Amino acid sequence: SSGINAEWPLRPGYHVNIKWGKEKYTKVECNTDETPILFKSTLYSLTGVVPERMKVMVKGAIIGDESWDNIKNLKNNVTMMMMGSATELPDEPAEKTQFIEDMSESQVNQAADYPPGLHNLGNTCYMAATLQCLKTVPELKDKLLSSEGRFSRQSVVGSEGVCAAMKQLYGDMDATSEPITPFVMVKMLHLAIPRFAEKGEGGVFQQQDANECWTELMRMMNEYLPGEGSTSTESVRKSFIEQYFGGENKTVLKCGESSDEPETVSIEKWTQLRCHINTDVRYMQLGLTMGLKENIEKHSQTLDRNAVYEKTSLVNRLPGYLTINFIRFFYKERENINAKILKDIKFPLSYDAFELCSDELKNKLKPMRDRFEELRQRNIEKELSAKDIPMKKEKSTDCDSALIPLLQ
């Protein structure tokens, strides 16, 4: 071959000649301030020989990948010998590569599998946050999409209308990655809960509490959605919400002013646990524990007057999806306003509610917890044995709640 002039732009370094079989490349840039692998990448672009299959020699010395230390007296126009067979260049991809910087917001959401957003219709962020949160529960979304809820010519007000609006909204959100304007959802919610439609100055909807919206949606879905395996004709209808979100507390009520009055034991149902916040609470666990003990005043039949009772509760049933409400709002009587507690409360990403449970529920959970603890210990032993480190056995007090089967 007569030789190929690479005509590289002049930069600090050397310009060398490459002899590869019958081919010869001249004026190839070789910058010794960079690692040799970058120089080999240049040769790859010329010859098609990948650096892993390439051997480059100059004056009997082989050029490595990381350093030029073994190459002495390198100068311009020196000839280097290259050996290695070229591989076929890969075909150009049928679909052009897109970089995130060049994508629209919709394309980024679709590529990252983000849910579509909901446009704010004037202080409706409380509703949007609640709906986005509930949509992450696959069983609930599938139940709504398969429900018979629909709109008729007559205005549908109440549970059926709200559930039909949620069904339509979740269907629309699954079909697009673009933000959606929830006109129908806002309208049906306002018809069902008129206080959410109250307006302030300028005709803008007033701000509302997301937990109040969550509570109302739970109540209406509890009325409308039948439980799994049940029908609307059953005399005792078990709700879908009770199955997946409902918990139970075993509550003991004891009169603090009379030892003669017997304790009262009852079962209370709930769809969320409350984390009470005060100056002493820094962690969610303490706030939940405090919420299970309180003093109330009620009429005592024994004393025939009002008395203070100590109410102690323990969780007797855990739901499949545990909802925890941080109680951040309280009423200031002197200023006659609602105030918000902005204190930072720490909580784990994986929460174990075992310590809140009654003895009956603990006994049901313990066998499976012990099996997972044994599995955890075996995995630790394998890791330590692979590193040849002796193991000191300690029983874990923190079991991953995601692995504990919650009672349905």
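Notes on the structure follow.

Reading guide: rules and limits
Residues numbered from 1 in each chain as written. Predicted model: local features only at pLDDT ≥ 70, side-chain atom pairs only at ≥ 80, totals over all residues. Heavy atoms only, no water. Helix = DSSP H or I, 4+ residues; strand = E, 2+ residues; numbered from the N terminus. Buried < 20%, exposed > 50% of the residue type's maximum accessible area, 1.4 Å probe, protein only. Contact = heavy atoms within 4.5 Å. Phe/Tyr/Trp six-rings, centres within 6.5 Å; stacked < 30°, edge-to-face > 60°. Lys NZ or Arg CZ within 6 Å of the ring centre and 35° of its normal. Core = buried A, V, L, I, M, F, W, Y, C linked by side-chain atoms within 4.5 Å. Polar contact = N/O pair within 3.5 Å; in protein donor to acceptor, adjacent residues only side chain to side chain.

**What about the overall build of the chain?**
Inference 1: Broken down by element type, the chain carries ten helices and 14 strands.
Inference 2: In the chain, which comprises 408 residues, the proportion classed as buried is 34%.
Inference 3: In the chain, once contacts between residues fewer than 6 apart in sequence are set aside, the share between residues at least 24 apart is 58%.

**Focus: helix H6 (residues 183-192)**
Inference 1: All of the buried residues in H6 are Met185, Val186, Met188, Leu189, His190 and Ala192.
Inference 2: Of the surrounding elements, those touching the buried residues of H6 are helix H3 (125-135), helix H5 (159-174) and helix H7 (210-224).

**Considering the packing of aromatic side chains**
Inference 1: Inspection of every chain in the model, using the stated rule, returns five aromatic pairs.
Inference 2: Of note, Lys298 hangs over the ring of Tyr309, and the distance from its end group to the ring centre comes to 4.6 Å.
Inference 3: Above the ring of Phe354, the side-chain terminus of Arg369 is found at 3.9 Å from the ring centroid.

**As for the nonpolar core**
Inference 1: Judged by nonpolar contacts, the single largest core of 36 residues is most densely connected at Leu140, Met166, Leu217 and Met221.
Inference 2: Elements with a contribution of two residues or more to this core: H3, helix H4 (138-145), H5, H6, H7 and helix H8 (240-245).
Inference 3: The contact partners of Leu140, leaving out residues within four places of it in the chain, are Leu134, Met221, Leu225, Phe240, Ile241 and Phe245.
Inference 4: Counting 20 residues, the second largest nonpolar core, distinct from the first, contains Val16, Ala61, Ile63 and Ile71.

**A word on the side chain of Ser300**
Inference 1: Residue placement: Ser300 occurs in strand E10 (residues 293-300).
Inference 2: Ser300 has contacts with Glu261, Arg305, Ala307 and Tyr309, leaving out every residue within four places of it along the chain.

**Notes on the side chain of Asp352**
Inference 1: Inspection of the secondary structure puts Asp352 in the loop between strand E14 (337-340) and helix H10 (359-386).
Inference 2: Accessibility expressed as a relative area gives 13% for Asp352, which makes it buried.
Inference 3: A distance of 3.1 Å separates the side chain of Asp352 from the backbone nitrogen of Phe354, its partner in a polar contact.
Inference 4: Engagement of the side chain of Asp352 in a polar contact is seen with the side chain of Arg369, the distance being 3.1 Å.

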